[in-house]
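If you want the building blocks of each chain, they are given just below.
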Amino acid sequence: MGEERKETVGRTWKKKFFIALFAGFLGLGGLMSVFGFTGTAFALPLGGIGDFYVEFDELNGKGFQLLPHIGETGDSDAEPMIRNKIEEVEIKNLHIYKDIKMPTGGWVRVHIRASGPTKISGLIQDARMIDADLSFNELAIKEQNTEDFSTNWSQDAKTITIKDAKLVTDYLFQSVVSLDGTKIYVEKIDEPDMTHQ
Amino acid sequence: MSRKEAKALKKEEKLQGKHRKIANGGKFRKWRNKRPFWGASLIFLAGLMILYIPLHLYSIAFIPGSFVFIGFLFGGLILIMGILDYIYPQFSTVFGVVTIFLSILSVMGALGGFVIGTIIGIIGGALSIAWEKQEVTIRGVVPNKKQQDQDEVPNEFMEDKEVKTVQA
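Residues numbered from 1 in each chain as written. Chains lettered and ligands numbered in written order. Predicted model: local features only at pLDDT ≥ 70, side-chain atom pairs only at ≥ 80, totals over all residues. Heavy atoms only, no water.

Caption draft 1: Examining the overall build of chain B more closely. Along its length, chain B carries nine helices and one strand. Counting from the amino terminus, chain B carries its helices and strands in the arrangement α-α-α-α-α-α-α-β-α-α. The buried share among the 168 residues of chain B stands at 40%. Taking as baseline every contact in chain B between residues at least 6 positions apart, the subset at least 24 positions apart corresponds to 71%. For chain B, the computed accessible surface area is about 10,000 Å², with 64% contributed by carbon and sulfur atoms. (Helix = DSSP H or I, 4+ residues; strand = E, 2+ residues; numbered from the N terminus. Buried < 20%, exposed > 50% of the residue type's maximum accessible area, 1.4 Å probe, protein only. Contact = heavy atoms within 4.5 Å. Areas by Shrake-Rupley, 256 points an atom, 1.4 Å probe, with all protein chains shown as cover.)

Caption draft 2: Up close: the nonpolar core. Core analysis: the largest hydrophobic core is formed by 21 residues, its most contacted members being Val54, Phe56, Leu59, Ile86, Val89, Ile91 and Leu94 of chain A. Of all elements in the fold, only β2 (40-73), β3 (76-92), β4 (94-101), β6 (118-137) and β8 (153-179) of chain A reach the threshold of two or more residues within this core. Counting twelve residues, the second largest nonpolar core, distinct from the first, contains Ala20 and Leu28 of chain A together with Ile100 and Ala126 of chain B. (Core = buried A, V, L, I, M, F, W, Y, C linked by side-chain atoms within 4.5 Å.)

Caption draft 3: How the structure looks around a negative patch on the surface. Residues and elements named next belong to chain A. A cluster of acidic side chains, namely Asp57, Asp131, Asp133 and Asp164, defines a negative patch on the protein surface. Among the structural elements, Asp133 can be located in strand β6. Overall, Asp133 belongs to the partly exposed group, its relative accessible area being 48%. (Patch = residues over 30% accessible without salt bridge, like charges linked within 9 Å, V, L, I, M, F, W, Y side chains within 5 Å. Salt bridge = Lys/Arg side-chain N within 4 Å of Asp/Glu carboxyl O. Lys, Arg positive; Asp, Glu negative; His and termini not counted. Charge placed at Lys NZ, Arg CZ, Asp CG, Glu CD.)

Structure representation (structure tokens):
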């Protein structure tokens, strides 16, 4: 029963696959280790993923500016926010985390933790809530008679120190960031952080 | 027969069985088998994942330095690689290499789809590189109904059909 026929079929070579896979991960590891050695990432944006939380023990910044801002969040197109711009920042014990709902219904929390000092240049951060101890040096609050809400009011300071902060953040951008002793890990949680929901 | 020979024979039989399944299978199975289907699908998926971040960032703010466009570029190119991998399976190795390279680079600017996109891109690219087309002789093919009908047509028609298949 049956006949003999010539047919073109595709085949995946295991050896080739593992060599390519190994080379790929080696490349990824190489890139990561370059980041690891220098601890530097260029133009790292973090946003468009809904609320995430930023916590740290102490932040020392130079060239601080605070502006009103309207931005998109994970569940709203336009939400009032505070835009912080700081030229040079040094943070101690930075901890960023984000709660993600899994398709199975459970929740996981992705942590990014830097135990060493974190140095950032050109920080832009949109926050919906800031809970911290703040102190400023040469603080100037200005109002301008303009229709444009984003320049209507501003708060500038030469230096800023923030202690024991928790920020509900929706957008973060750094021109250059160097994270010392970074750990990225995921854990299962029972329910998400509902601060300022 | 030594154990080694028996093992090789078993492997050969298994492969033959697989090929027979393809030959007797439906249109989709045949289509899937003529291209690096899983590699291309994973590449396509990785492209979508890598594009997710810059697409969302773009709707929020125009980032200084326009770094979001690097994310767009990497994600878009990976997506195109996936589609081209379906259409031109003969270049699967090239597409695979380019995909792996772009997936790794996408960590900058697009975060590599939270690194998951990068990992899926590397796996898809490796599958694409490892894929190869080969011509095999399959024994024990059951002629399907269509082919049985073809068998019933006069010989001159059959010859004509065969020529067409070879040309295709």
